[in-house]
Amino acid sequence: MVWVSLYWPLKHADWHGLTPTDLIFPFFIFIVGMSITLSVNAMQAKGITKQSILRSGVVRTVKLVALGWFLALFYYNFRDPNFSWLDERLAGIRIMGVLQRIGLVYLIALACYLYIKPKYIALTFVSLLIGYGALMIYTPYSLPNGEIVKGLWLHGNNLSAWLDNLLLGANHVYYATAKPLAFDPEGILSTLPAIATALSGILCGYYISTEKNLGKQVRIFNLVAITSIVCGCLLSLLIPINKALWTPSYVIISSGLAMLCYALCSYILDIRKVRLWSAPFLVFGANAILFFMFAGIVARILIMIPVADTSLKGAIFNQVLQPLFGNYLGSFSYSLLFLLASYLVMYACYKRGIFWKV
């Protein structure tokens, strides 16, 4: 019930469309792209070679994929005496996932920045979106009943889902019961436009590194962001906005909104120098992967611990929060309490200089 009764901004869109929650992942990928530009520039200034930087990137990607698989396996149903971890978790491990996508996107985007000039990175960004869109629209695929279709953007019925179903198998994807084709929202083909999101961040990071006038930065980012959002909205008339498929319209709009948010933060923090409000974001951002892992592990533990005929998570909501606040406010209160607990742990790490890098 906790995640059933959610206010709409905290939900993902049912399928097509966009909510604030749908912007979290592309914003993070955008920031990954920006950080690639700034970190590579700093490393090259110290004389570190491209080959060494790329080798470190490969190691980081392997670590991220391994952490993603760890989260996929970190679950045991103590309430079911017939539960088999080997059969239900290991044998059916979800191959792709959030951290796996971040790792793959990071490595490819890093290689692009190391070996491709910025103008060609921009061309690669456009090519990825056009190429992905063309594949999704014009490539025919076969449904389980033998019907040949193409150009669909439906849940469980699109080229990306077909490829996930073919290469990953129904037992190794998030939407294992989707019909007619099981698929993963962090699937194989949809990783291509996710790379484009990172490249948009790289281009913005490159501009920041070359243009030192903060006021001009903000003006240019605002102009490009608004243009991107308008273009994305126009493109959505042909290609729907969809996070699970990471559609080109979704990339353009989310990248535009990310630029707009960056411009706003830069204006407030760097130009107006109003910074006190940003402290929690600094604490979480300094340990982003640790926060993600901590939240993922603790959330699973709360589900695994049995309390009567439910879990500890269910007991907290059903016996405490829901009676006090009702379904929606109770669910929101649970999220706030979880966030507060996470913040206290991340703040303790921050104060002690504990920063977990992969």
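Residues numbered from 1 in each chain as written. Predicted model: local features only at pLDDT ≥ 70, side-chain atom pairs only at ≥ 80, totals over all residues. Heavy atoms only, no water.

Draft legend 1. Local environment of the packing of aromatic side chains. Under the counting rule described, the total for this entry stands at 18 aromatic pairs. A ring pair is formed by Y76 and F83, whose centres lie 4.9 Å apart and whose planes are at 80°; its orientation type is edge-to-face. By relative accessible area, which is 31% here, Y76 ends up partly exposed. According to the relative accessible area criterion, F83 is buried, its value standing at 8%. Note on F221 and Y262: the rings are 5.1 Å apart at their centroids and 65° apart in plane angle, and the pair reads as edge-to-face. Linking F221 in helix α8 (residues 214-235) with Y262 in helix α9 (residues 248-271), this pair joins segments that are 41 residues apart in sequence. The exposure class of F221 is buried, given its relative accessible area of 4%. Owing to a relative accessible area of 25%, Y262 belongs among the partly exposed residues under this scheme. (Phe/Tyr/Trp six-rings, centres within 6.5 Å; stacked < 30°, edge-to-face > 60°. Buried < 20%, exposed > 50% of the residue type's maximum accessible area, 1.4 Å probe, protein only. Helix = DSSP H or I, 4+ residues; strand = E, 2+ residues; numbered from the N terminus.)

Draft legend 2. Inspection of the packing of helix α7 (residues 191-210) against α9 at higher detail. The interhelical angle for the contact between α7 and α9, taken along N-to-C directions, is 30°, at an axis separation of 10 Å. Considered as vectors, α7 and α9 are oriented roughly parallel to each other. For the pair α7 and α9, the crossing hand works out as right-handed. Contacts from P193, A196, T197, S200, C204 and I208 of α7 reach α9 at V251, S255, M259 and Y262. Here the contact of α7 with α9 is composed, by residue class, of 7 nonpolar, 3 polar and no charged. (Axes fitted to C-alpha atoms, helices over the stretch in contact; angles between N-to-C directions. Parallel < 35°, antiparallel > 145°, perpendicular 65-115°, else oblique. Left-handed = near helix turned anticlockwise from the far one by under 90°. Contact = heavy atoms within 4.5 Å. Nonpolar A, V, L, I, M, F, W, Y, C, P; charged D, E, K, R; others polar.)

Draft legend 3. The layout of surface pockets, seen in detail. Taken as a whole, the second largest pocket spans an internal volume of roughly 300 Å³. Considering the residues around the second largest pocket, the lining is formed by 14 residues, among which F125, S200, V224, S228 and M259 are closest to the centre. If one sorts the elements of the lining of the second largest pocket by residue count, α8 sits on top with 6 residues. (1 Å grid on protein atoms, 1.4 Å probe; cavity = no way out; pocket = protein on both sides within 12 Å on 5 of 7 lines; lining within 4 Å. Points joined across faces, edges and corners; volume = space filled by probe spheres on them.)

Draft legend 4. Focus on the side chain of T191. Turning to its location among the elements, T191 is positioned in helix α7. For T191, the side chain forms a polar contact with the main-chain oxygen of G187, separated by 2.6 Å. With residues near it in sequence (within four places) discarded, T191 still touches M96, R101 and V105. (Polar contact = N/O pair within 3.5 Å; in protein donor to acceptor, adjacent residues only side chain to side chain.)

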